[in-house]
Amino acid sequence: MTRILGIDPGSLRTGVGIVDVTPDGRARHVFHTALVVGHADDFPLRLKAIFDGLLELVNAYVPDEVAIERVFMARNPDSALKLGQARGAALCAVLTRTLPVHEYAPTEIKRAVTGGGRADKTQVQHMVKMLLGLEAAPQADAADALAVAIAHAHVRASVARMGVTRAGWRTRR
């Protein structure tokens with residue numbers, strides 16, 4: 001069993017989802033939340049809240065691997081920069097424990113969970129609920145984070161079936 005921490009970075013809310021995965025890729029829900037950091041008026045304090053919140057969750061749930069959504073280019077350059085900084089704070093938190101990090105584009109994540117790369121948030125929430133057998137759909141950011149973890153679980157299972165070594169993975173340490 002492998003524990004995967006999925007992260008959907010955001011400068012107001014960072015989604016977090018944790019799943020346990022069997023070698024054949026079946027995922028079981030462990031935990032999810034959205035770290036709400038938008039209450040901090042000072043942007044650096046938001047970044048600290050993301051770092052501290054993720055570090056606390058890493059220490060509590062002890063994941064084996066991390067999957068994170070890649071930053072996409074937003075229409076607003078300021079928003080893209082803030083998103084990139086939030087992602088950096090999240091990466092720093094998980095890398096303090098030297099966890100392997102796997103990155104996925106939003107379209108890859110949506111395709112893995114819904115079957116199409118253009119799914120909206122409601123579709124992702126619904127499919128995450130169905131795939132993990134949850135009673136209710138998670139909050140949107142938490143659902144996105146769980147979707148990242150599920151996408152990584154699918155990739156892990158495919159890689160294992162193909163016999164690719166870990167050295168062949170897109171991993172950052």
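Note: the structure precedes this text.
A brief structural summary. (Residues numbered from 1 in each chain as written. Predicted model: local features only at pLDDT ≥ 70, side-chain atom pairs only at ≥ 80, totals over all residues. Heavy atoms only, no water.)

A look at the pattern of salt bridges
Counted only if it meets this: Any Lys or Arg side-chain nitrogen found within 4 Å of a carboxyl oxygen on Asp or Glu counts as a salt bridge. Between buried and exposed lies partly exposed: a residue is buried under 20% and exposed over 50% of the maximum accessible area for its type, with that area taken using a 1.4 Å probe on protein chains only.
In total, this model carries nine salt bridges according to the counting rule given. Asp 20 is the partner of Arg 28 in a salt bridge, and the nearest nitrogen-oxygen pair spans 2.7 Å. Taking relative accessible area as the criterion, Arg 28 reaches 47% and is therefore assigned partly exposed. A salt bridge links Asp 144 to Lys 121; the shortest N-O distance between them is 2.4 Å.

Structural notes on the packing of helix H1 (residues 43–61) against helix H2 (residues 77–95)
Put simply, the rule reads: The axes are straight lines fitted to the C-alpha atoms, using for helices just the contacting stretch, and the angles between their N-to-C directions are given from 0 to 180°. Secondary structure elements are defined from DSSP: runs of H or I of at least 4 residues count as helices, runs of E of at least 2 residues count as strands, and each element is numbered from the N terminus. In this scheme the crossing of two helices becomes right-handed for a clockwise turn of the near helix relative to the far one and left-handed for an anticlockwise turn of less than a right angle. Any two residues whose heavy atoms approach within 4.5 Å are treated as being in contact. By the convention adopted, Pro, Cys, Tyr, Trp, Phe, Met, Ile, Leu, Val and Ala count as nonpolar, Lys, Arg, Asp and Glu as charged, and the other residues, Gly among them, as polar.
Packing of H1 against H2 brings their axes to within 8 Å, and their N-to-C directions diverge by 35°. Of the two possible hands of crossing, H1 and H2 adopt the one that is right-handed. When H1 is examined against H2, the residues Phe 43, Leu 47, Ile 50, Phe 51, Leu 54, Leu 55 and Val 58 are found in contact with a partner set consisting of Lys 82, Gln 85, Ala 86, Ala 89, Ala 90, Cys 92, Ala 93 and Val 94. Among the residues forming the contact of H1 with H2, the class breakdown is 13 nonpolar, one polar and one charged.

Everything listed is a geometric property; what it means functionally is a separate question.
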